[in-house]
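Fold and geometry: a report
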Amino acid sequence: MADNSTLVSESGRSLLADSSVLDSKIVENSKENVLPGSVVDVEEEMPQIETRVVLVQEAGKREDLLKALEEIKVPYIKTNTIEELGDCDSPEFETVFVVTDFQGSIFNNLCKADCRVIGPPVVLHCAQKGEPLPFSCRPLYCASMFNLVLCFTGFRKKDELVKLVTLVHHMGGIIRKDFNSKVTHLVANSTHGDKFRIAVSLGTPIMKAEWIYKAWEKRNEMDFCAADDDIRNQFKVPPFQDCLLSFLGFSDEEKANMEEMTEMQGGCYLPVGDERCTHLVVEESTVKEIPFEPLKKLYIVKQEWFWGSIQMDARAGESMYLFEKSESPGLKKSVSQLSLSTPNSNRKRRRLKETLAQLTRETDMSPFPPQTPKSCGRPSKNSTPLPLKQSARWQVAKELYQTESNYVDILTTIIQLFQVPLEKEGQLGGPILAQEEIKTIFGSIPDILDVHTKIKEDLEDLMVNWTESKSIGDIFLKYSKDLLKTYPPFVNFFEMSKETITRCEKQKPRFHAFLKINQAKPECGRQSLAELLIRPVQRLPSVVLLLNDLKKHTAEDNPDKIILERAIESLKEVMTHINEDKRKTEAQRQFFEVVYEVDGCPANLLSSHRSLVQRLETVALGDDLCDRGEQVTLFLFNDCLEIARKRHKVIGAFKSPHGHTRPPASLKHVVLMPLSQIKKVLDIRETEDCHKAFALVVRPPTEHNNKLLSFQMTSEEPPKEDWLKTLCRHVANTICKADAENLIYAADPDSVEVNTKDMDSTLSRASRAIKKTSKKVTRAFSFSKTPKRALRRALMSHSATEGRSPSSANESYIGSRLTSTSSLAGISSPSLVSLPSIFEKRSHTLSRSTTHLI
């Protein structure tokens, strides 16, 4: 599409001419449409003329404008009509008109008279920055496009382009007719043309016209900037705008995924063969021929074009990704060799055997291309004459070297194909991932590669100069400390690495496209990044197996036999260290999950010697810790029990300084109880009215009597018996007792007045809701919220009517409060049961005392 020709407005100025041509008439060395601050030197050379601000109509009624002008010390006058001012071209004053509406007769008359016109946001902006009012040859309403250089392409209608250019000038932007490196944004109405291609290659943001209109809508917002990422991402031109795509050779699942991505990126999809289609995306590994005669206007491209466009956040050039028919002579040659008739001679039989052996060797190797040794002058193992009869030890050693070589190739592929491009600066469309995410995904892979590259080189030297007395165990003993240093950081956080890949692939289409492009390359062997990253987790156990096999085929008098045993032990020590570190890391992660999930969780819960044992979901059967029927979660640690209830109201998600959003706390802390306070554990028998219930007999250090905390399990796992045994075992460990089973007692529900009959009933839930509402109302009208002065005045007025002195009234009131408090304290909760001798005599029933408030 042809570029726009130069447009001329009513005043005769070229709208698409460089703004600097007009601005230089005012200040030669200033930047285009610059707010003052960079023109101080020029102003010192010019004669000082006092600036006078004229507030026109509504502008004179705004108090914020008057205050702003006083702050920057600029005199002002108010007027309703321009005619009141008389001659505006007085040499004594530089008159600046402040107009709230950049439309209408007053604004048009000021423009025709070449007056300086600004909007209220400019005045407020200068007052906020402490700068004088700007010089501008055009009306300037706000500074939301200050320092932005725009270029337009694809606009056919002159009126629309004139309107857009005018709005950009009103917001402080600069217009360039020709696209160059100084252009910060390209406003495109079409995805064709040279300007669009250059912008894509330079990574310049390509915006829709709606971006300018939206910025003009927000012209009165002081903190708004049109270059902010949020609004830019909202109005950028999507990669597949004006594109109609079809997909050929993909599986149904992959095709559905690509069609969904097409719509997300602004395009549409059509069935294969539709004449309206602009692009046919082909899976080059499965499609050999196009099943129809394509039109000349149709682009037939590889799938790399599709994913590359999403990764760049702009439509890639089709010429680099055109689909071409590919021949595979190597494959035909192999087939022809395998199609030989049954050989009748030894020569043919030997040729077929060599062919099959070659194919077997290619099959056994990994899908990665073999890595060339760094020292080209050194002969490789392939050029070394092999023994006439290869020993079993040599065969295992060769397999060890081959797998090590393949492993190094895999690690190299991970770094060169994935990590290095993601860390590269100046990516088109901005960074695909944040640095923290890249570090989480790849971890210590480069360090692991360095160690195994050295191991591979040493193994290659050994295989080139092979003798049965060569020691392979020495190589792994040599690098055992390096392995111990590099492997634990990666293996321990491998699950976190996988989770990060999955999350970023779902949330970031550009990363999803990046993975699709690279995973389709032959170096990856069509494996995903997560599948490649699991190789370090699997490598050490496989090396141990190979070394064990090597030891089995090593003679007893061979010195390497003992060294191999030491090497195997050193690798097992590394794996043990990894497992121990992984267990500690997992425990720390569980700790922080509990802290984040429980609002008000005590800080002293975090301790280096403490570990989370089990989590149990329950329902409270008493009213001591919380209301009966409330959902309660028990976190059993090795030395304490954290009890938390479900929150009634959940606040919004917490956002960390790094921008990661954490889910809100769903639980509320109730009590952190040391296991030493648990005196007995009651296994409550199953009855018709009581299911999956248990209780804890506890004695806090501040109490003289035992308390009973009763719960009902709501989850199937773990079984109640297993949970109680686990709890008692850790209680016994805490109090240094060996007989954990003696802590468990069987109890009848009636003896401890525990039942679960009404836990799931509608009436019970309604009753609990009413109880919660009653508590809120009681707190709203409680005396603790009444001001002391109001109470004192009420008591004084009450005593005056009864003829008593204020002091006697106060004493009477305080006495009544104390009596009420003591009577309330005397009421025992249904679940706080005194248990004097229930465990000495099983048939003895609990006696409960109840006091009433008089």
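Here's a quick rundown of the structure. Just so it is clear, the structure is predicted and the values come from calculations on it, not from any experiment. (Residues numbered from 1 in each chain as written. Predicted model: local features only at pLDDT ≥ 70, side-chain atom pairs only at ≥ 80, totals over all residues. Heavy atoms only, no water.)

**Brief notes about unusual backbone geometry**
The residue after glutamate 717, namely proline 718, is reached through a cis peptide bond having omega -5 degrees. With respect to the element layout, proline 718 can be found in the loop between strand E22 (707–713) and helix H24 (720–734). We note that lysine 692 has phi near 50 degrees; this positive angle belongs to a residue other than glycine. Assignment of secondary structure puts lysine 692 in the loop between strand E20 (678–684) and strand E21 (693–698). For lysine 692, a relative accessible area of 25% gives the class partly exposed. Unusually for a residue other than glycine, glutamate 753 sits at a positive phi of about 55 degrees. Along the chain, the position of glutamate 753 falls in the loop between strand E23 (744–747) and helix H25 (762–780). (Helix = DSSP H or I, 4+ residues; strand = E, 2+ residues; numbered from the N terminus. Buried < 20%, exposed > 50% of the residue type's maximum accessible area, 1.4 Å probe, protein only.)

**A closer look at the sheet that holds strand E19 (residues 667–674)**
Reading across the sheet, the nine strands line up as E13-E19-E16-E15-E14-E22-E21-E20-E23 and stay open at both edges, with mixed pairing between neighbours. The sheet terminates laterally at strand E13 (598–599) and E23, the two strands that pair on one side only. Looking at chain direction, E20 and E21 are connected through five bridges and run antiparallel. Looking across to E21, one finds that valine 681 is bridged to leucine 696. In the packing of H24 onto the sheet, the strands contacted are strand E14 (612–620), strand E15 (631–637), E20, E21, E22 and E23, and the crossing angle to E20 comes to about 170 degrees. (Pairing = 2+ DSSP bridges. Contact = heavy atoms within 4.5 Å. Axes fitted to C-alpha atoms, helices over the stretch in contact; angles between N-to-C directions.)

**Thoughts on helix H8 (residues 210–217)**
Those residues of H8 lying buried are Trp211, Ile212, Ala215 and Trp216. Taken around the axis of H8, the buried residues stretch over an arc of 135 degrees, which confines them to a single face. Those residues of H8 that are buried lie in contact with strand E5 (149–153), helix H6 (158–170), strand E7 (185–188), strand E8 (206–207) and helix H9 (229–235). (Arc of directions from axis to C-beta.)

**Considering the pairing of E22**
The buried count for E22 comes to six of seven residues, which makes it a mostly enclosed element. Across three bridges, E14 lies against E22 in antiparallel orientation. When the sheet's bridge partners are listed, valine 619 is paired in E22 with glutamine 712. Pairing analysis gives six bridges linking E21 to E22, with the strands arranged antiparallel. Along E22, the bridge assignment pairs alanine 695 with serine 710.

**Brief notes about the sheet that holds strand E9 (residues 244–248)**
Within a sheet, neighbouring strands are paired by backbone hydrogen bonds and run either parallel or antiparallel to one another. Strands sit in the order E10-E9-E11-E12 across an open sheet of four strands; the sheet is parallel. The open sheet has two edge strands with one neighbour each: strand E10 (268–269) and strand E12 (299–302). Packed on one face of the sheet, helix H10 (residues 252–264) meets E9, E10 and strand E11 (279–282) and runs near 170 degrees to E9.

**Re helix H22 (residues 535–552)**
Between the first and last C-alpha of H22 there are 26 Å, a value that for 18 residues agrees with the 26 Å anticipated at 1.5 Å per step. Buried residues of H22: Pro536, Arg539, Leu540, Val543, Val544, Leu546, Leu547 and Leu550, and no others. (Expected span 1.5 Å × (residues − 1).)

**Points about the pattern of salt bridges**
Taken as a whole, this structure holds 24 salt bridges when the rule is applied. Residues glutamate 318 and arginine 315 are paired through a salt bridge, measuring 3.1 Å at the closest nitrogen-oxygen approach. When the shortest N-O distance is used, the salt bridge between glutamate 468 and arginine 393 registers 3.7 Å. Taken together, the residues glutamate 468 in the loop between helix H16 (445–464) and helix H17 (473–478) and arginine 393 in helix H14 (residues 392–423) connect sequence positions 75 residues apart. Looking at arginine 393, the relative accessible area reads 1%, which means it is buried. Through salt bridges with shared partners, a single network forms among Arg393, Glu468 and Asp560. (Salt bridge = Lys/Arg side-chain N within 4 Å of Asp/Glu carboxyl O.)

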